[in-house]
Amino acid sequence: MPRLHLESLFAKIYSAALLDGGLSQVVAEIATAYPTLPVTYQAQCVYRNTLYDSAIFNHGPNAVENLIKAESANPFPPIALTCDPSDIVKTKDTIAPDEVEKLDFYHEFLRDHGNINRATGIILHRHGVDTAFIAANFPKEFSERDEEGINALLRQLRPHLQGAFKLLLEVKAREIQAQNHEIWLEQIPTAAIIVDPTLKILQMNSIAETTLPDHPVLTASGITRQLGARSLAARRQIEHAIGRAYEFATPVGPVEIQEPEFGSGLLFAIPIAKKTDISLTLEPFLTPRLPILVTYFSSQDKPRRAHEILSATLGISKRESELVQELIAGCTLRDATDRLGISYNTGRNQLASAQSKAGCRSQTDLVRKATQILARLPNTAVDK
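Rules used throughout
- Residues numbered from 1 in each chain as written.
- Predicted model: local features only at pLDDT ≥ 70, side-chain atom pairs only at ≥ 80, totals over all residues.
- Heavy atoms only, no water.
- Helix = DSSP H or I, 4+ residues; strand = E, 2+ residues; numbered from the N terminus.
- Buried < 20%, exposed > 50% of the residue type's maximum accessible area, 1.4 Å probe, protein only.
- Contact = heavy atoms within 4.5 Å.
- Areas by Shrake-Rupley, 256 points an atom, 1.4 Å probe, with all protein chains shown as cover.
- Phe/Tyr/Trp six-rings, centres within 6.5 Å; stacked < 30°, edge-to-face > 60°.
- Lys NZ or Arg CZ within 6 Å of the ring centre and 35° of its normal.
- Axes fitted to C-alpha atoms, helices over the stretch in contact; angles between N-to-C directions.
- Parallel < 35°, antiparallel > 145°, perpendicular 65-115°, else oblique.
- Left-handed = near helix turned anticlockwise from the far one by under 90°.
- Nonpolar A, V, L, I, M, F, W, Y, C, P; charged D, E, K, R; others polar.
- Pairing = 2+ DSSP bridges.
- Core = buried A, V, L, I, M, F, W, Y, C linked by side-chain atoms within 4.5 Å.
- Expected span 1.5 Å × (residues − 1).
- Arc of directions from axis to C-beta.
- Salt bridge = Lys/Arg side-chain N within 4 Å of Asp/Glu carboxyl O.
- pLDDT = per-residue confidence, 0-100.

On to the overall build of the chain, then. Counting its secondary structure elements, the chain contains 14 helices and 14 strands. Counting every position in the chain, which comprises 384 residues, the buried fraction comes to 49%. Intrachain contacts of the chain at a sequence separation of at least 6 include 58% that bridge at least 24 residues. By element, 51% of the accessible surface of the chain is carried by carbon and sulfur atoms, the whole surface being about 19300 Å².

Have a look at this one:
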């Protein structure tokens, strides 16, 4: 069996995790040193058999495509949810190699991609039914002596690989927390609050800071400042709107909230796309994954200009909202750009940006949504 230079590999483990955004390069180096050994790195939802990320080496041609196409269940990943991550994990301790060979997945994938009937893995991280792991997959003809040599190597690598993955998650989590929405949040002309899917308040603009203590509908309670409402019915509506915005990653609203003493109001919940580029490898293990912008308009509010309303409810810029207003008025995009004194290409870019932010698939969809919003807010002042 070949030998790896462990000191060099230990250093590469941490540098690869921090600089390359993952551990695939380290797995590739192991696979290069042991060309007859199929090696995998996988991050996946175990029970849905959904791969978030994968790096597969020494499995032969079209291995990734065939793994994704496989219809039967892979018997190895579920073991990752119940095993002890403080040691290497041998699948043969849970399911015998000869039993593996009787399974549909063996005939569908394992036999043709290495003739694999057992594996030894390192659990990098677990989060619910999502797990990330590195595995050495042993061909049926792989000798017991060589297998023990690989297991000894994995046992040495385990704490370093787990430590590097934990460090990577910590760094990325801090990057998310460090995102500052204050500048654009202050541009929203009504109470604007950023929450996570549990309704914990992450940030708010100065209008919200001032009005929330005496707000007729919204509340902020507890040490962790949870967004709530003064009535149970309103709270349920808010929870439902934020839940839908988070689940489907699309804007929700207007949601009409009736408060007998204060009239009606309209609530909007808009997912905020993260600026940092987080790889799919890490996405399942970082929470909250998608902050939600919540804005609320009361019928008691003073009249607001239409572009302010559209900017706040759709999460678009002032320039983009001005363009949308021209389209609502029946202008073509060419006419709208002429009236606004901007180039046609600039108008096209603003329109594409507005559609993306508002979760609309087309110009028609965007104009329809914006028209409905303005029609439902009677105190909207028309821009001159």
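What follows covers the packing of aromatic side chains. Inspection of the entire model under this criterion finds 2 aromatic pairs. Measuring from ring centre to ring centre gives 5.6 Å for Phe105 and Phe109, while their planes differ by 35 degrees; the resulting arrangement is tilted. Separated by 4 residues within a single helix, Phe105 and Phe109 lie in helix α5 (residues 104–110), roughly one turn from each other. Here Phe105 falls in the buried class, since its relative accessible area comes to 2%. Measuring from centroid to centroid gives 5.4 Å for Phe138 and Phe142, while their planes differ by 40 degrees, and the two rings are tilted. The cationic tip of Arg334 hangs over the ring face of Tyr344; the distance from NZ or CZ to the ring centre is 3.9 Å.

Turning our eyes to something else, we now look at unusual backbone geometry. One non-glycine residue, Asn58, lies in positive phi territory at about 65 degrees. For Asn58, the position within the fold is in the loop between β2 (50–57) and α3 (63–69). Look at Asn58 and you get partly exposed, because its relative accessible area is 31%.

This brings us to helix α11 (residues 318–328). Given 3.6 residues per helical turn, the α-helix brings residues three or four places apart onto the same face. Where burial is concerned, most of α11 is hidden: 8 out of the 11 residues are buried. Glu320, Ser321, Glu322, Leu323, Val324, Gln325, Glu326 and Leu327 are the residues of α11 that are buried. With its phi angle positive at about 105 degrees, Gly330 sits one or two positions after the end of α11.

Now for the packing of α11 against helix α12 (residues 333–340). Packing of α11 against α12 leaves a shortest axis separation of 9 Å and a crossing angle of 130 degrees. One finds that α11 runs oblique with respect to α12. Taken as a pair, α11 and α12 cross one another with a handedness that is right-handed. Along the contact surface, α11 presents Glu322, Leu323, Glu326 and Leu327, while α12 presents Leu333, Ala336, Arg339 and Leu340. Considered class by class, the residues forming the contact of α11 with α12 number 5 nonpolar, no polar and 3 charged.

Here we take up the sheet that holds strand β1 (residues 39–45). With antiparallel pairing, the 5 strands of this open sheet are ordered in space as β2-β1-β5-β4-β3. Strands with a single pairing partner mark the edges of an open sheet, and in this sheet they are β2 and β3 (89–90).

Membership of the largest hydrophobic core comes to 34 residues, with the highest contact counts inside it found for Ile13, Leu37, Leu124, Ile150, Leu157 and Leu161. When residues of this core are traced back to their parent elements, those giving at least two are α1 (6–19), α2 (24–33), β1, β2, β4 (116–127), β5 (130–139) and α6 (144–178). The element that contributes the greatest number of residues to this core is α6, accounting for 8 residues. Those residues within four positions of Leu161 in sequence are excluded, and the remaining contacts are Ile13, Leu23, Val26, Ile122, Leu124 and Ile134. Counting 25 residues, the second largest nonpolar core, distinct from the first, contains Ala245, Val252, Ile292 and Tyr296.

Here helix α9 (residues 232–248) is 17 residues long and its end C-alpha atoms lie 24 Å apart, about the 24 Å a rise of 1.5 Å per residue gives. Residues of α9 that are buried include every one of Ala234, Ile238, Ala241, Ile242 and Ala245, and no others. Taken around the axis of α9, the buried residues stretch over an arc of 90 degrees, which confines them to a single face. Turned more than 90 degrees off the buried face of α9, the exposed positions are Leu232, Ala233, Arg236, Glu247 and Phe248. Phi turns positive one or two residues past the end of α9, at Ala249, with a value near 50 degrees.

In this structure the tally under the stated criterion is 13 salt bridges. Here Lys140 makes a salt bridge to Glu101, at a shortest N to O gap of 3.3 Å. Of this pair, Lys140 sits in the loop between β5 and α6 while Glu101 sits in the loop between α4 (97–100) and α5, placing them 39 residues apart in sequence. A relative accessible area of 46% means that Lys140 is categorised as partly exposed. Residue classification places Glu101 among the buried residues on the basis of a relative accessible area of 19%. Three or more residues are tied together by salt bridges with common partners; here these are Lys92, Arg118 and Glu147.

Moving on, we come to the confidence of the model for the chain. Confidence along the chain averages 81 in pLDDT terms, with 79% of residues attaining 70 or more. With pLDDT under 50 throughout, residues 274–278 is counted as low confidence; its partners more than four residues away or in other chains account for 11 contacts. The low-confidence segment residues 378–382, where pLDDT is below 50, has 13 contacts with residues more than four positions distant or belonging to other chains.

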